[in-house]
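Secondary and tertiary structure notes
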Amino acid sequence: MKKILFIVAFLFVAGATMAQKYAFVDTEYILDNIPAYTAAQEQLDQVSTQYQNELETMHAEIEKMYNDYQSEAVLLSEDMKRKREDVIITKEKEYKTLQRQYFGPEGDLFKKREGLVKPIQDDIFSAIQDIANEGSYVVIFDKAGSMSMLYTDPKFDLSDQVLQKLGYKN
């Protein structure tokens, strides 16, 4: 009786497993085919370069102040040395604060990226979810993710369907 119950359970699990549908998408490919994403990336690169240039200019200014201080230190009184050191330290703190403000985890660049890219990613996720529901897929993997996929059969790639659903392909 136990053997029969085991065999029936095994067949049920095997049948349920075979009935499940799996597919994959390549979000990197999808994003590369969305003009708004490319434009957003270019805009983010420009802002990043602008911030970086501003920080490099500020850093060069601090370096010059420090080098000037080093060369003039022997001629300065203790009080003047302390004042110059305080000015340099204050400028370094401003530099680090600005660096965090621009590139930190909650910085301007992160917020700008979130504002430009997140809506596009949300649209892609919604399209994938719709396709999964319409096609009764149990799991849809992302080929572009960190998960290793050694082989993928192109007939299970839904990337073009996602682009179609978003209106970027006919």
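Positive phi outside glycine occurs at Ser136, with the angle close to 55°. The class for Ser136 is exposed, based on a relative accessible area of 51%.

So, on to the nonpolar core. Among the nonpolar cores identified, the biggest contains 26 residues, and Val25, Ile30, Ile34, Tyr37, Ile120, Ile124 and Val162 are the most heavily contacted of them. Mapped by element, the contributors of at least two residues to this core are strand 1 (21-25), helix 2 (27-32), helix 3 (35-72), helix 4 (78-103), helix 5 (108-135) and helix 6 (159-166). The biggest single contributor to this core is helix 3, with eight residues. Apart from the residues within four sequence positions on either side, Ile120 is in contact with Leu31, Ile34, Ala36 and Tyr37.

Moving on, we get to helix 5. Taking 1.5 Å as the rise per residue, helix 5 with 28 residues should run 40 Å; its terminal C-alpha atoms sit 40 Å apart, in good agreement. The largest bend in helix 5 is about 40°, located at Val117, with the proline Pro119 one to four residues further on. By the burial criterion, the buried members of helix 5 are Leu109, Val117, Ile120, Ile124, Ala127, Ile128, Ile131, Ala132 and Gly135. Structurally, helix 5 contributes buried residues whose contacts are with strand 1, helix 2, helix 3, helix 4, strand 2 (137-142) and helix 6. In the stretch just after helix 5, Ser136 is the one whose phi turns positive, near 55°.

One pass over the full model with this rule turns up four aromatic pairs. Ring centres 6.5 Å apart and planes at 20° place the aromatic pair Tyr22 and Phe141 in the stacked group. You can see Tyr22 sitting in strand 1 and its partner Phe141 sitting in strand 2, a full 119 residues away along the chain. What makes Tyr22 partly exposed here is its relative accessible area of 35%. Aromatic side chains Tyr51 and Phe103 sit 6.1 Å apart centroid to centroid with 85° between the ring planes, which places their arrangement in the edge-to-face category. With Tyr51 in helix 3 and Phe103 in helix 4, this pair connects stretches of sequence that are 52 residues apart.

Opposite charge on two side chains permits them to pair, given that their charged atoms come into close proximity. Across all of its chains, the model carries seven salt bridges by this definition. Between Asp68 and Lys64 there is a salt bridge, with the nearest N and O atoms lying 2.9 Å from each other. With Asp68 and Lys64 both in helix 3 and four residues apart, this pair spans about one turn of that helix.

So, about the packing of helix 5 against helix 6. Packing of helix 5 against helix 6 leaves a shortest axis separation of 9 Å and a crossing angle of 115°. By the angle between their directions, the pair helix 5 and helix 6 is classed as roughly perpendicular. When you trace helix 5 past helix 6, the crossing you get is right-handed. Seen from helix 5, the contacting residues are Asp123, Ile124, Ala127, Ile128, Asp130, Ile131 and Glu134; seen from helix 6, they are Gln161, Val162, Lys165 and Leu166. The class makeup of the residues in the contact of helix 5 with helix 6 is six nonpolar, one polar and four charged.

The next thing to look at is the packing of helix 3 against helix 4. Closest axis-to-axis distance for the helix 3/helix 4 pair is 10 Å, and the angle between their directions is 165°. Relative to helix 4, the element helix 3 is oriented roughly antiparallel. As for the relative orientation of helix 3 and helix 4, their crossing is left-handed in sense. A class-by-class count of the residues in the contact of helix 3 with helix 4 yields 13 nonpolar, four polar and ten charged.

Thresholds, definitions, all that
- Residues numbered from 1 in each chain as written.
- Predicted model: local features only at pLDDT ≥ 70, side-chain atom pairs only at ≥ 80, totals over all residues.
- Heavy atoms only, no water.
- Buried < 20%, exposed > 50% of the residue type's maximum accessible area, 1.4 Å probe, protein only.
- Core = buried A, V, L, I, M, F, W, Y, C linked by side-chain atoms within 4.5 Å.
- Helix = DSSP H or I, 4+ residues; strand = E, 2+ residues; numbered from the N terminus.
- Contact = heavy atoms within 4.5 Å.
- Expected span 1.5 Å × (residues − 1).
- Bend = angle between axes of the 7 residues up to and from the residue.
- Phe/Tyr/Trp six-rings, centres within 6.5 Å; stacked < 30°, edge-to-face > 60°.
- Salt bridge = Lys/Arg side-chain N within 4 Å of Asp/Glu carboxyl O.
- Axes fitted to C-alpha atoms, helices over the stretch in contact; angles between N-to-C directions.
- Parallel < 35°, antiparallel > 145°, perpendicular 65-115°, else oblique.
- Left-handed = near helix turned anticlockwise from the far one by under 90°.
- Nonpolar A, V, L, I, M, F, W, Y, C, P; charged D, E, K, R; others polar.

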